[in-house]
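# Observations on the three-dimensional arrangement
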Amino acid sequence: MTLTPGVDAPTWPAEFAERYRAAGYWRGETFGGMLRERAAAHPDRTALVDPAPERRTWTYRELDERADRLAAGFLARGIRKGDRVVVQLPNVGEFVEVVFALFRIGALPVYALPAHRETEIAHFCSFTEAVAYVVPDAHDGFDHRALASLMRERNPALQHVFVVGDPGEHTALSEVPCEPAGPFDGPAPHELAFLQLSGGTTGLNKLIPRTHDDYMYSLRGSNEICGVDAGTRFLVVLPAAHNFPMSSPGWLGVLYAGGTVVLAPRPDPATAFPLVERERITMTGLVPPLALVWTDAAPATAHDLSSLELVLVGGAKYSESAARRLEPALGCRLMQVFGMAEGLVNYTRLDDDTETVVTTQGRPISPDDEIRIVDDEDDDVPEGEFGHLLTRGPYTIRGYWRAPEHNARSFTGDGFYRTGDIVRRLPGGHLVVEGRAKDQINRGGEKIAPEEVENIILAHPAVHDVSVVAVPDAYLGERSLAYVILRKDAEPLKPVAVKRFVRERGIAAYKVPDLVEFVDAFPQTGVGKISKKHLRSAAEPS
Ligand code: OOB
């Protein structure tokens with residue numbers, strides 16, 4: 001089945017699409033074609049390094065050929081253009097091979113995170129009617145093959161499970177590649193390339209449909225701003241499936257520029273610093289808590305970090321005091337990035353002064369990123385004051401995938417995305433993130449929809465009601481706290497029992513509440529709704 005953005009999700013109106021093409025933002029490139037061109041231009045340059053457990057490298061030619069052979073193998077197994085394939089791989093070379101193979105035939109990767117468990121994966125498989133699921137054999141002590149078996153039992157559409165490593169009862173990914181029969185009938189540039197995950201505010205993640213044209217523009221724009229070129233050696237520290245390390249400028253941006261991508265198996269300094277030294281890493285991207293850990297560890301390290309030129313920090317608010325310490329500790333430039341998988345990405349610039357870099361979250365990539373800052377009635381606030389950030393532009397989606405009701409709330413009638421972020425704009429156009437209006441917890445860059453966790457806790461027989469809120473945390477920025485009201489007749493529960501219950505339901509570990517408190521009643525708002533604002537302030541350290 002061929003999926004076009006206009007069918008499964010709203011797309012850009014024709015006059016916008018024409019404008020974005022005329023301006024040279026959308027250049028008619030596809031990811032499959034991009035890799036082919038780079039492989040032709042510089043076949044022997046190193047594209048990819050997977051350093052663990054044994055160091056493996058891929059030249060551009062090798063990556064291109066392996067993507068071809070894997071694409072042919074997927075086709076031979078019946079995977080077609082438009083089919084959805086849930087890809088849940090850690091930072092391993094196969095991740096890059098798999099997604100380029102899927103790009104080449106126009107099948108859509110659905111980017112699950114390694115931390116996702118039964119709850120999330122079941123949603124991705126059933127909601128997208130995925131035909132295949134790609135997993136590691138085991139990762140971080142979790143056997144993904146067992147979860148995959150469960151998913152196959154439950155989802156008749158799910159015909160294939162491909163495993164990196166020991167396949168168990170499934171198919172080894174290494175057995176899939178075969179000789180291509182001829183050229184691939186790949187996707188058109190305006191068609192969908194993949195489905196990215198939204199942070200989510202309601203129960204389950206929404207899916208974000210990105211096209212080749214629009215995503216490629218965000219890469220080109222990011223590369224220009226960050227100074228990515230063929231000499232860039234980028235360390236992927238965060239999970240490769242996340243939008244930030246993928247495209248800001250990320251591993252896709254670096255491959256676009258002909259540079260070298262190195263995949264870090266873990267983000268801690270003990271793993272990453274030796275890699276920076278050995279692979280002469282020039283650039284990386286970190287979430288604020290990791291940036292803190294790196295900043296603290298760098299002065300005492302025996303490893304040579306002098307190749308580092310630029311560290312991007314984003315995904316959550318980076319405190320000014322932490323930001324001030326990064327450049328001296330790591331001996332490189334800092335760039336703040338405020339982005340979202342739905343599109344809009346803001347960067348501070350290489351020629352910004354230090355004050356701007358440490359106190360703002362940057363300005364948009366594109367002159368055609370439209371920014372509105374509005375009050376609760378959608379009226380523009382006076383310049384310089386803070387309000388809700390709305391945005392529209394050449395790489396910001398016009399709607400989520402198959403979610404018309406949600407889209408009616410998350411987008412204005414004229415196509416602006418309601419980011420849920422509260423910002424103000426400085427005279428030079430830089431944005432400062434002041435807070436958030438959406439019901440979401442940002443746990444050091446990992447986004448939690450409270451409603452998803454609440455729904456799980458509500459299933460506990462002793463629980464009458466629950467409200468999950470963010471509380472400030474010095475290291476993570478925010479942590480999650482579940483206020484629980486027990487049933488009158490219930491036996492008393494311990495917080496740890498609530499946490500265990502959530503964990504055993506099969507959900508990403510970062511969503512398990514950090515804290516649980518039992519209360520008799522929630523604070524109420526005027527209209528009788530639970531007041532999250534009140535609950536949050538009740539939890540502020542006094
Ligand atoms: C990135 O993408 P998502 O989709 O996981 O999360 C987007 C949300 C934003 O709406 C905002 O609430 C928050 O994450 N956020 C920040 C921030 N960067 C993202 N809040 C404050 N300061 C920042 N610097 O997180 C993402 C995508 C691409 C590049 C970078 C981050």
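Counting starts from 1 at the beginning of each chain's written sequence and moves along it residue by residue. Per-residue local features of the predicted model are confined to residues with pLDDT of at least 70, and side-chain atom pairs are confined, for both listing and counting, to 80 or more; whole-chain, interface and lining totals are unaffected and use all residues. Side-chain numbers come from the whole structure's heavy atoms, not from hydrogens or water.

Turning our attention to the pattern of salt bridges. Salt bridge criterion: a side-chain nitrogen from Lys or Arg within 4 Å of a carboxyl oxygen from Asp or Glu. Considering all chains together, one arrives at 41 salt bridges under this definition. Here Arg19 and Asp368 are joined by a salt bridge, their closest N and O atoms 3.3 Å apart. Taken as a pair, Arg19 in helix H2 (residues 14–22) and Asp368 in the loop between strand E18 (363–364) and strand E19 (370–374) lie far apart in primary sequence, 349 residues in all. Type-normalised accessible area, obtained with a 1.4 Å probe on protein chains alone, sets the label of each residue: buried when under 20%, exposed when over 50%, and partly exposed for intermediate values. Classification of Arg19 by relative accessible area gives partly exposed; the value is 36%. One salt bridge connects Arg479 with Asp473, and the closest N-O pair in it is separated by 3.0 Å. Secondary structure is summarised from DSSP: a helix means a run of H or I of at least four residues, a strand means a run of E of at least two, and numbering begins at the N terminus for each.

Turning next to the site of the ligand. Taken together, 19 residues are adjacent to the ligand, and Val337, Ala341, Asp421, Lys438 and Lys447 come closest. Polar contacts, as used here, are pairs of N or O atoms within 3.5 Å; protein pairs need one atom able to donate a hydrogen and one able to accept it. Residues neighboring in sequence count only if both atoms are side-chain atoms. Lys317 is positioned such that a nitrogen or oxygen atom in its backbone is 3.4 Å from a nitrogen atom of the ligand. Lys438 places a polar side-chain atom, nitrogen or oxygen, 2.8 Å from an oxygen atom of the ligand. When the ligand sits alone it has 600 Å² of accessible area, and the protein chains cover 96% of it. Among the elements of the structure, helix H9 (243–247) and strand E16 (333–340) are those that each provide at least two residues to the shell around the ligand. With four residues, E16 is the single largest residue contributor to the shell around the ligand. Here, proximity means that at least one heavy atom of the residue falls within 4 Å of the molecule or strand. Using the Shrake-Rupley algorithm and a 1.4 Å probe, accessible areas are obtained, with residue cover drawn only from the displayed protein chains.

Moving on: helix H8 (residues 212–226). Expected helix span is computed as 1.5 Å times (number of residues minus one). Across its 15 residues, H8 extends 21 Å between first and last C-alpha, which sits within 8% of the 21 Å expected from 1.5 Å per residue. Buried residues dominate H8, accounting for 14 of its 15 residues.

One bridge is not enough; two strands pair if DSSP finds at least two bridges between them. Taken in spatial order, the four strands make up an open sheet running E19-E20-E21-E22, and their pairing is antiparallel. Strands at the two margins of the open sheet, each flanked by one partner only, are E19 and strand E22 (431–436). Each strand axis lies, on average, 45° off the axis of its neighbour in the sheet, ignoring direction. Sheet analysis places strand E21 (residues 417–425) next to E22, joined by five bridges and oriented antiparallel. Considered in E22, the bridge of Asp421 is made with Arg436. The angle between two axes is taken between their N-to-C directions and runs from 0 to 180 degrees, where each axis is a line fitted to C-alpha atoms and a helix contributes only its stretch in contact.

Before going further, it helps to spend a moment on the packing of aromatic side chains. Paired rings are identified among Phe, Tyr and Trp, the last through its six-membered ring, by centres lying within 6.5 Å, and are further divided according to the angle between planes into stacked (under 30 degrees), edge-to-face (over 60) and tilted (the rest). Scanning the model with the defined rule gives 20 aromatic pairs in all. Between the aromatic rings of Phe103 and Phe194, the centroid separation amounts to 6.3 Å while the plane-to-plane angle is 45°, which identifies the pairing as tilted. Of this pair, Phe103 sits in helix H5 (residues 93–105) while Phe194 sits in strand E10 (residues 192–197); the two residues are 91 residues apart in sequence, bridging distant segments of the chain. By relative accessible area, Phe194 is classed as buried at 0%. By the ring-pair criterion, three or more aromatic residues cluster together here, those being Phe31, Phe95, Phe100, Phe103, Tyr111, Phe194, Tyr215 and Trp251. Against the face of Phe16 rests Arg398, its NZ or CZ located 4.5 Å from the ring centre. Two limits define a charge over a ring: the Lys NZ or Arg CZ must be within 6 Å of the ring centre, and within 35 degrees of the ring normal.

This part is about unusual backbone geometry. Following Ala52, the chain continues into Pro53 via a peptide bond in cis, with omega recorded as -5°. If you trace the backbone, Pro53 turns up in the loop between strand E1 (46–50) and strand E2 (56–59). With a phi close to 50°, Glu129 is a non-glycine residue in the positive phi region. As for its position among the elements, Glu129 is in the loop between helix H6 (118–128) and strand E5 (132–136). Residue classification places Glu129 among the partly exposed residues on the basis of a relative accessible area of 42%. Of note, Arg402 is a non-glycine position whose phi angle comes to about 50°, a positive value.

UniProt positions are given in the numbering used here, feature names are shortened, and annotations may be inferred rather than shown by experiment. According to UniProt, the feature "domain: AMP-dependent synthetase/ligase" (unreviewed entry) maps to residues 35–401 in the numbering used here. The straight-line gap between the two end C-alpha atoms of residues 35–401 is 26 Å; of that span, 34% is helix and 24% is strand.

Here the focus is the packing of helix H12 (residues 288–297) against helix H13 (residues 320–330). Between H12 and H13, whose axes approach to 9 Å, the crossing angle comes to 45°. The angle between the axes of H12 and H13 places the two elements in the oblique class. Along this stretch, H12 crosses H13, giving a crossing that reads as left-handed. Here Ala291, Leu292, Trp294, Thr295 and Asp296 of H12 come into contact with H13, specifically with Ala322, Arg325, Leu326, Ala329 and Leu330. In this scheme, roughly parallel covers angles under 35 degrees and roughly antiparallel covers those over 145, while 65 to 115 is roughly perpendicular and the rest are oblique. The crossing is said to be left-handed when, going from far helix to near helix, the turn is anticlockwise and less than a right angle, and right-handed when the turn is clockwise. Any two residues whose heavy atoms approach within 4.5 Å at even a single point are treated as in contact.

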